[in-house]
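# Structural description and commentary
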Amino acid sequence: MSSSTASPTSASATGHADAPGPIAGPRTATAPVALTSRSPHVPADRLVAEMVPPPRFDAVRFDTYVPDARQPSQAEAVTVLAGFAAGLGAPADGGTGRKRWFRREAKPAAPAGPRGVYLDGGYGVGKTHLLASLWHATPAAPEQKAFGTFVELTNLVGALGFQQTVQTLSGHRLLCIDEFELDDPGDTVLVSTLLGRLVEAGVALAATSNTLPGKLGEGRFAATDFLREIQGLSAHFRTLRIDGEDYRHRGLPEAPAPYDDATVERVAHRTAGASLDAFPDLLAHLSKVHPSRYGALSDGVRAVCLTGVEPVPDQSTALRLVVLADRLYDREVPVLASGRPFDELFSEDMLKGGYRKKYFRAISRLTALARDAKRLVEE
């Protein structure tokens, strides 16, 4: 799952996925890598080891979250989540990280109140910041806490199998699921069943998901949808509604317009650790790489440069692009592009369809990464 940016050491030494060669260090600024040349292999143990908050959220804490004074629900969420973390208590095994959940006599008493929290809110209100802060604040060893997106959790089940995933995660005190998604009934049932088994084992749960822009309070993906879908788990969750505007765009200038091909190529060749790909070629390559490997695809990449950005041709391609956007955002990799602006990636039909919340999230995140890339042009 999410991992820190790869160092220039070998994959065998770091456990990172295979790549065509180091990007940082020996590679010169005049030789950008092509993501389309990479076909990484990600072993299952890496997926488990990387169940931690992504690099973007390594240093976040409750006291670094800045609530919007106009949105009291944000400050309330900090208070509730801090109390929830404290209520989980110290590790039952004294911090050794050894599993005790299957030793009935050693199982700690469940803390009072719900064993789960669900953060319901719009894009960019800081839900992932709060979820990562909860992970950091929970008094347990890192190996007893897990953090990943809904997609990454389904990928883990695919890699390990259902029973092995249950056994692996049952030794944890907390499982944080970012971007819980209900658009695939099969995956929803799979994860709901998994969560039921983990709750039985005493694992505390926390989840987030997005409300569509302009749909607050009406016909939206909301707490009621989440709780209905997970049925028997409803009683284990306390719902926290977090209101506010997207912080990625709050008080900031508009994202820079796309650059021309020559500018993108020039920046790619002078920026150490940059990648350079034609957008259509990258989309075609993503169809040959499992989404669970998209994080490894960007190992060591410090900037993604794309030429010829155009609207995605179909929904399958669009969904793969969403996963790549999430992984790049997690790793804080700026994206410099030519062609069409990112808010034109998805058709009107896509933005009105069942996967619309994913597409709005991708637009928001790619816009933020495009803004980050502006400094590469100005250097």
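Residues numbered from 1 in each chain as written. Predicted model: local features only at pLDDT ≥ 70, side-chain atom pairs only at ≥ 80, totals over all residues. Heavy atoms only, no water.

Moving on, we come to the nonpolar core. Of all hydrophobic cores here, the largest spans 37 residues; its most connected members are F279, V304, L306, V312, F342, L345 and F346. At the level of elements, α10 (279-286), α11 (294-297), β7 (303-309), α12 (315-330), β8 (335-339), α13 (348-352) and α14 (356-378) are the ones that each hand at least two residues to this core. Tallying contributions element by element places α12 first for this core, with eight residues. Beyond its immediate sequence surroundings of up to four residues, V312 is in contact with F279, L283, T317, A318, L321, L345, F346 and M350. Core analysis: the second largest hydrophobic core is formed by 26 residues, Y65, V78, A132 and A206 among them. (Core = buried A, V, L, I, M, F, W, Y, C linked by side-chain atoms within 4.5 Å. Buried < 20%, exposed > 50% of the residue type's maximum accessible area, 1.4 Å probe, protein only. Helix = DSSP H or I, 4+ residues; strand = E, 2+ residues; numbered from the N terminus. Contact = heavy atoms within 4.5 Å.)

The next thing to look at is the packing of helix α5 (residues 150-160) against helix α6 (residues 162-169). Angle between the axes and distance between the axes are the two parameters that describe a pair of packed helices. Look at α5 against α6: their axes get within 7 Å of each other, and the N-to-C directions meet at 115°. Helix-helix and strand crossings are classified by hand; for α5 and α6 the assignment is right-handed. Taken together, the residues of α6 that come into contact with α5 (itself represented by L153, L156, V157 and L160) are F162, Q164, T165, T168 and L169. Its residues assigned to classes, the contact of α5 with α6 comprises six nonpolar, three polar and no charged. (Axes fitted to C-alpha atoms, helices over the stretch in contact; angles between N-to-C directions. Left-handed = near helix turned anticlockwise from the far one by under 90°. Nonpolar A, V, L, I, M, F, W, Y, C, P; charged D, E, K, R; others polar.)

Strand order in the open sheet formed by three strands is β6-β7-β8, and the pairing between neighbours is parallel. If you trace the sheet from one side to the other, it starts and ends with β6 (274-278) and β8, each paired once. For this sheet, the mean angle separating the axes of adjacent strands, direction not counted, is 15°. Taken together, the five bridges between β6 and β7 define a ladder with parallel strand orientation. Paired with A274 across the strands is A303, a residue of β7. (Pairing = 2+ DSSP bridges.)

Inspection of every chain in the model, using the stated rule, returns 13 salt bridges. The salt bridge involving R361 is made with E179; its shortest N-O contact spans 3.6 Å. You can see R361 sitting in helix α14 and its partner E179 sitting in the loop between β3 (174-178) and α7 (185-200), a full 182 residues away along the chain. Note on R361: relative accessible area 4%, which makes it buried. Here E179 falls in the buried class, since its relative accessible area comes to 5%. Salt-bridge contacts for R327 lead to D330; the nearest nitrogen and oxygen are separated by 3.1 Å. Of the two residues, R327 and D330 are both situated in helix α12; the distance of three residues between them amounts to about one turn of the helix. Of the two residues examined, R327 and D330, each falls in the buried class. (Salt bridge = Lys/Arg side-chain N within 4 Å of Asp/Glu carboxyl O.)

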